[in-house]
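Listed below are the residues making up each chain.
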Amino acid sequence: MEKEANFEDTIKQLEVIANELEKGDLNLDESVAKFEQGMKLSKTCSEILENAEKRISILIKKDDEVVEENFNVE
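Criteria and thresholds
Residues numbered from 1 in each chain as written. Predicted model: local features only at pLDDT ≥ 70, side-chain atom pairs only at ≥ 80, totals over all residues. Heavy atoms only, no water. Helix = DSSP H or I, 4+ residues; strand = E, 2+ residues; numbered from the N terminus. Contact = heavy atoms within 4.5 Å. Areas by Shrake-Rupley, 256 points an atom, 1.4 Å probe, with all protein chains shown as cover. Salt bridge = Lys/Arg side-chain N within 4 Å of Asp/Glu carboxyl O. Buried < 20%, exposed > 50% of the residue type's maximum accessible area, 1.4 Å probe, protein only. Expected span 1.5 Å × (residues − 1). Polar contact = N/O pair within 3.5 Å; in protein donor to acceptor, adjacent residues only side chain to side chain. Axes fitted to C-alpha atoms, helices over the stretch in contact; angles between N-to-C directions. Parallel < 35°, antiparallel > 145°, perpendicular 65-115°, else oblique. Left-handed = near helix turned anticlockwise from the far one by under 90°. Nonpolar A, V, L, I, M, F, W, Y, C, P; charged D, E, K, R; others polar.

A.B. asks: Give me the lowdown on the overall build of the protein, citing residues and values where you can.
C.D. replies: Looking only at helices and strands, one finds 2 helices and 2 strands in the protein. Counted from the first residue to the last, the protein has its helices and strands arranged as α-α-β-β. Within the protein, residue pairs in contact and separated by at least 24 positions form 39% of the contacts whose partners lie at least 6 positions apart. Within the structure as shown, the protein displays about 6800 Å² of accessible surface, and the carbon and sulfur contribution to it stands at 50%.

Here you go:
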């Protein structure tokens, strides 16, 4: 069973790929493969952030009732 993606680990992998691409030591095929891998990791990071944003909520107690409201960044 594959472990669920962790944001911090995924970002580190993305940084490694970016550094490899920046060096310019890869041939075209390797560069394209690294770029493709980076795009997949970037998508994974976006999905993790979207899911975290959906889970963030503020619990407010009103009249002895707990009300869940969406978290809004201002």
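Past the structure itself, the notes keep going.
A.B. asks: Tell me about the pattern of salt bridges, and name the residues and values.
C.D. replies: Pairing between side chains becomes possible if they bear opposite charge and their charged atoms approach one another. Considering all chains together, one arrives at 1 salt bridge under this definition. The closest approach of N and O atoms between lysine 34 and glutamate 20, which form a salt bridge, is 2.9 Å. Of this pair, lysine 34 sits in helix α2 (residues 28–55) while glutamate 20 sits in helix α1 (residues 7–23); the two residues are 14 residues apart in sequence, bridging distant segments of the chain. Looking at lysine 34, the relative accessible area reads 23%, which means it is partly exposed. Glutamate 20 gets classed as partly exposed once you look at its relative accessible area, which sits at 26%.

A.B. asks: Hey, could you go over α2 for me, with residue numbers and the actual values?
C.D. replies: An α-helix turns once per 3.6 residues; consequently, residues spaced three or four apart project the same way. If you check α2, its first and last C-alpha atoms are 41 Å apart, about what 28 residues at 1.5 Å a residue would give, namely 40 Å. For α2, the complete set of buried residues consists of Gly38, Leu41 and Cys45. Looking at the packing, one finds that the buried side of α2 touches α1. Put simply, asparagine 27 is the residue that caps the front of α2, since its side-chain oxygen is 3.0 Å from the backbone nitrogen of aspartate 29.

A.B. asks: How would you sum up the packing of α1 against α2? Please name residues and give values.
C.D. replies: For any two helices packed against each other, one specifies the crossing angle of their axes together with the interaxial distance. Where α1 meets α2, the axes come as close as 9 Å, and the angle between the chain directions of the two elements is 155 degrees. Classed by the angle they form, the pair α1 and α2 counts as roughly antiparallel. When you trace α1 past α2, the crossing you get is left-handed. The residues of α2 that touch α1, namely those facing Phe7, Thr10, Ile11, Gln13, Leu14, Ile17, Glu20 and Leu21, are Ser31, Lys34, Phe35, Gln37, Gly38, Leu41, Ser42, Thr44, Cys45, Ile48 and Leu49. Split into classes, the residues belonging to the contact of α1 with α2 amount to 10 nonpolar, 7 polar and 2 charged.

Shape is all these values report; function is a separate question.
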